[in-house]
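Residues per chain, in single letters:
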Amino acid sequence: MDAKRHDLVAEGGFKGLKLRLGRDRLADDIEAIRVVREAVGADVKLMVDFNQGLSLGDALHRCHALDDQGLYWLEEPIAYDNIAGYSQLTRELKTPIQLGENFYGPRALFQAVQAGAGKYMMPDLMRIGGVTGWLRAAAIAGAAGIEMSTPPLS
């Protein structure tokens, strides 16, 4: 393991990293993934987040192009409330879709689960309704067999 890789992985014992994507050119996103993957190796899970920055058409184009990059998930490529778009992305892509950080209340998560809008859900503790809302969302996701994570608290 080279020194750069050792520093990136060993410093915090990281088993996964999340990278912000959505540069002006798709080629720049692919290059960013290549550089990070080269630095950390194949055994570190690499997730990417578009922060809702793409239109559905651009997301379909870019995410299909990224489908063979070995990514663990593609997070929020389009507006959080475009559930039909998320359902389409989930159906068409091999790489799992992650969403839910901007859901307001467990009912929004339920509607996304019902629509097949993603493989992973990430409700924000405050937006989903505090501890009670998060527990309700976890029950919904768990009943559907969908893994759930939570964004870091700011």
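Residues numbered from 1 in each chain as written. Predicted model: local features only at pLDDT ≥ 70, side-chain atom pairs only at ≥ 80, totals over all residues. Heavy atoms only, no water.

S.K.: Sorry if this is basic, but what is going on with the sheet that holds strand 3 (residues 73-75) here?
M.R.: Backbone-to-backbone hydrogen bonds pair the strands of a sheet. The strands run either parallel or antiparallel. As summarised here, the arrangement of the six strands in space is 1-2-3-4-5-6, forming an open sheet in which the pairing is parallel. With partners counted over all chains shown, the strands left at the sheet margins are strand 1 (16-20) and strand 6 (147-148), one partner each. The pairing of strand 5 (residues 120-121) with strand 6 spans two bridges and is parallel. In the strand pairing of strand 6, tyrosine 120 is matched with glutamate 147. Along the sheet, helix 2 (residues 26-40) contacts strand 1 and strand 2 (45-49); its crossing angle with strand 1, the most-contacted strand, is approximately 160 degrees. (Pairing = 2+ DSSP bridges. Helix = DSSP H or I, 4+ residues; strand = E, 2+ residues; numbered from the N terminus. Contact = heavy atoms within 4.5 Å. Axes fitted to C-alpha atoms, helices over the stretch in contact; angles between N-to-C directions.)

S.K.: Mind showing me how you'd approach helix 7 (residues 130-143) here?
M.R.: Each α-helix turn comprises 3.6 residues. Residues three or four places apart therefore point the same way. Here helix 7 spans 20 Å end to end across 14 residues, near enough to the 20 Å set by a 1.5 Å rise per residue. When helix 7 is considered as a whole, its buried residues turn out to be Gly130, Gly133, Ala137 and Ala141. Summarising the axial view, the buried residues of helix 7 lie within an arc of 70 degrees, below the 170-degree limit, and thus occupy one face. Among the exposed residues of helix 7, those pointing more than 90 degrees away from its buried face are Val131, Leu135, Arg136 and Ala143. Next to the buried residues of helix 7 lie helix 5 (106-114), helix 6 (125-128) and strand 6. Remark: glycine 145 follows helix 7 within two positions and exhibits a positive phi of approximately 75 degrees. (Expected span 1.5 Å × (residues − 1). Buried < 20%, exposed > 50% of the residue type's maximum accessible area, 1.4 Å probe, protein only. Arc of directions from axis to C-beta.)

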